[in-house]
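Breakdown of the fold
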Amino acid sequence: MIELKHLKKAYETEFNRLEVLKGIDLEIDQGEFVAIMGSSGSGKSTLLNILGILDEYDQGEYILDGTLIKDLSQKQAALYRNKFIGFVFQSFNLLSFKTALENVALPLYYQKVERQERLKLAEEYLDRVGLKEWAQHHPNQMSGGQQQRVAIARALISQPKVILADEPTGALDTTTSHDVMNIFRDINDEGITVLVVTHEHDISAMASRTINIKDGLIEN
Amino acid sequence: MRRIIDFDKWDEIFGTIRRHPLRTFLTALSVWWGIFMLIILLGAQSGLENSFEYNFSDDALNSLWIYGGMTSEEYKGLPPGRSINFTTTDYDLVKDDIEGIDHVTGRYYLRGDVVITRGAESLSFPVRCVHPDHAILENTLMTYGRFVNEKDISELRKVCVIGRAVKDAFYEGNEEAIGTYLKIKEIQYQVVGVFDDTGSEREVEMIYIPITTCQSVYDREDRIHQLMATMGNATLSQSQKIEADVRSKMASLHKFSINDDQALYIGNGMEDYNEFKTVMNVMKAFGWFVGIGSIIAGVIGVSNIMLIVVKDRTREIGIRKALGATPYSIISMIVQESVFITAIAGYVGLLMGFGIIFGIDQLMVANDVEIEFFRHPEVSFPVVMTALILLVICGALAGLLPAVKAVRVNPVTAMKDV
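Here is a short report on the structure shown in this document. (Residues numbered from 1 in each chain as written. Chains lettered and ligands numbered in written order. Predicted model: local features only at pLDDT ≥ 70, side-chain atom pairs only at ≥ 80, totals over all residues. Heavy atoms only, no water.)

1. Considerations on a negative patch on the surface
Together, Glu117, Glu123, Glu124, Asp127 and Glu133 of chain A give the surface a local cluster of negative charge. You can see Glu123 of chain A is positioned in helix 4 (residues 115-128). (Patch = residues over 30% accessible without salt bridge, like charges linked within 9 Å, V, L, I, M, F, W, Y side chains within 5 Å. Areas by Shrake-Rupley, 256 points an atom, 1.4 Å probe, with all protein chains shown as cover. Salt bridge = Lys/Arg side-chain N within 4 Å of Asp/Glu carboxyl O. Lys, Arg positive; Asp, Glu negative; His and termini not counted. Charge placed at Lys NZ, Arg CZ, Asp CG, Glu CD. Helix = DSSP H or I, 4+ residues; strand = E, 2+ residues; numbered from the N terminus.)

2. Observations regarding the environment of Lys161 of chain A
Residues and elements named next belong to chain A. Locating Lys161 in the fold gives a position in the loop between helix 5 (144-157) and strand 7 (162-166). With a relative accessible area of 34%, Lys161 lands in the partly exposed category. Separated by 96 residues in sequence, Lys161 and Asp65 place their C-alpha atoms 8.3 Å apart. Apart from the residues lying within four places of it in its own chain, the contact partners of Lys161 are Met1, Asp65, Phe84, Ile192 and Thr193. (Buried < 20%, exposed > 50% of the residue type's maximum accessible area, 1.4 Å probe, protein only. Contact = heavy atoms within 4.5 Å.)

3. A word on a nonpolar patch on the surface
A grouping of Leu22, Phe25, Leu26 and Leu29 of chain B is seen on the molecular surface, where their side chains present a nonpolar patch of about 390 Å² in accessible area. For Leu26 of chain B, the location among the structural elements is in helix 2 (residues 21-57).

4. So, the packing of helix 9 (residues 269-312) of chain B against helix 12 (residues 381-408) of chain B
Residue and element names in this part refer to chain B. It is the contact of helix 9 with helix 12, at a shortest axis distance of 9 Å, that shows an interaxial angle of 25°. It follows that helix 9 is roughly parallel to helix 12 by the angle criterion. The handedness of the crossing between helix 9 and helix 12 comes out as right-handed. Taking contact as the criterion, the partners of Trp288, Ile295, Gly298, Val299, Val302, Ser303, Met306, Leu307 and Val310 in helix 9 are, on helix 12, Val383, Ala387, Leu390, Leu391, Cys394, Gly395, Ala398, Gly399, Pro402, Ala403 and Ala406. (Axes fitted to C-alpha atoms, helices over the stretch in contact; angles between N-to-C directions. Parallel < 35°, antiparallel > 145°, perpendicular 65-115°, else oblique. Left-handed = near helix turned anticlockwise from the far one by under 90°.)

5. What to know about the state of the cysteines
All names here are of chain B. With the rule as written, the count across this model stands at one disulfide over all chains. Two residues, Cys129 and Cys214, share a disulfide whose sulfurs are 2.4 Å apart. One quick way to see it: the torsion about the S-S bond of Cys129 and Cys214 is about 50°, and its sign makes the bridge right-handed. Placement of the pair is Cys129 in strand 6 (residues 127-130) and Cys214 in helix 7 (residues 211-219), with a sequence separation of 85 residues. (Disulfide = S-S within 2.5 Å.)

6. Side note on the packing of helix 10 (residues 314-322) of chain B against helix 11 (residues 327-366) of chain B
All names here are of chain B. Across the interface, helix 10 lies against helix 11 with an axial gap of 10 Å and an inter-helix angle of 140°. The angle between helix 10 and helix 11 falls in the class oblique. For the pair helix 10 and helix 11, the crossing hand works out as right-handed. Contacts between helix 10 and helix 11 pair Glu316, Ile317, Arg320 and Lys321 from the former with Ile330, Met333 and Ile334 from the latter. When its residues are assigned to classes, the contact of helix 10 with helix 11 shows four nonpolar, no polar and three charged. (Nonpolar A, V, L, I, M, F, W, Y, C, P; charged D, E, K, R; others polar.)

7. Considerations on unusual backbone geometry
Not every positive phi belongs to a glycine, and Ile53 of chain A is a case in point at roughly 55°. Relative to the assigned elements, Ile53 of chain A resides in the loop between helix 1 (44-51) and strand 4 (59-64). On the basis of relative accessible area, Ile53 of chain A is assigned to the buried category, the value being 8%. Despite not being glycine, Leu156 of chain B has its phi angle at roughly 50°, a positive value. We classify Leu156 of chain B as partly exposed; its relative accessible area is 36%.

Printed below as a string of structure tokens:
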């Protein structure tokens, strides 16, 4: 599903050059549940952004579901993101002026799905994360755990091949964290590849494989 | 698949507008104000201009007004301080000896309150004694009967021509005035005409009688208080030549220095109109200056707000991009929203501005209000539409530039931007 070949990425400023990823080789099969661990500054977030086609890389190759992701136009990148990837962020990133239901339905808007159809689907996905009753609430009326579940429903609605989660439990307490991770496990059981970036060991322990990153390289 | 009207997109736009009332209001306000002020300004300016045009329409534009004054210089042994009084000789001089003059009239005023009597009713109205050409010079419009004619002049007939207000004062509704008699300063005159005037209300309170009758009855001399003449199709420079000609011939007739500008006063309608046109053009230029200023202020207002709006939405743009929004879909959403708000606000400003200008005009007409410097305010629709379209385009551009910039921002960076 995901194949990285000697991937390199550096951030350049006027005065210095910071090499964040120094040659990552990685292969993730379809249906895997992988945790990416590393301390802050290790390059794990950068890796996730590249995997999510939110950021570009300098050297190497990234093949997603048999497609080489390199030098894409903004439009192509948007298309692949919408088709292949569902994002879950640490800070939820819901649109505050939209209801839970509308937030979940938003990716389908960019797939040109009819309004009635996408609201119906959004309701189904909200039901799957146990928030059907909260459909008409705005994000600021919900708890952190609830917001993250809305974000997960939003990530799932476009039926992506890969779910990328960046510290999805970083803003949640332990119990809620485990609830959220259980949802990820359920998703994974349906055959969707799940990648979770975390620095918490009990979270990574719930994944089927853990990849450690240190100083821009994968540790074995 | 593309539809002509993307209802889904408008739904998304309306959703955003509805949930951000303050930002929508502020954008709308600056556009509304720009258009509204422009219309009020143009309306006020046209009101002023129309009132001037109207006041000028009272008299022929190509007219010369000649008054005698008092000499201020010694001339050929004659002392200063002599009054220059016109007589029929001066009338003949202007009529026959000046090239370029086509109509001439003298005026003799009956001084003080002139009591006019009909039956038991006595009222006071101004009386002017004139030549037949006076009707042409004053733009007098006959509604019944005729004006003073040459026969009245040569036979010293006791006839009079009365203004609409005089008729309304002495006669009931449809009562025939022609053929009846009015007593002016104890002498009976037969009414031969009723007139209206394009000028102010004062003009229709006037009574005209033949100048020769007047001279023989009230003056026993052939004095004339004032001469007026028209100059055909003379240009401004030709009119100035005629004016100089009148001055030099009158100077030799009355024996005063041609350079003595206190001895003779000549008003040149062409010169006045020209001056008025110059003043009007300066005012117009000023109006445009302020109008364009208010449009620019509107554009800057919209640009500023769009800049803030887009900055405000950086995070939202990042989120939308992460969910698969193409740059085009985001830019077009922001621009369409901006165009929609500016167009609606501008249109409302336009309607309100027009409404106020139209309302003032209607009120003034309905209540018969006559203000000297304000009349029939009106606004050119094409000018205002151009301004509105300009404002909408600027609003779109103002939204476009920051939107393009915002879309280029990496979604990760954008989403961290709280």
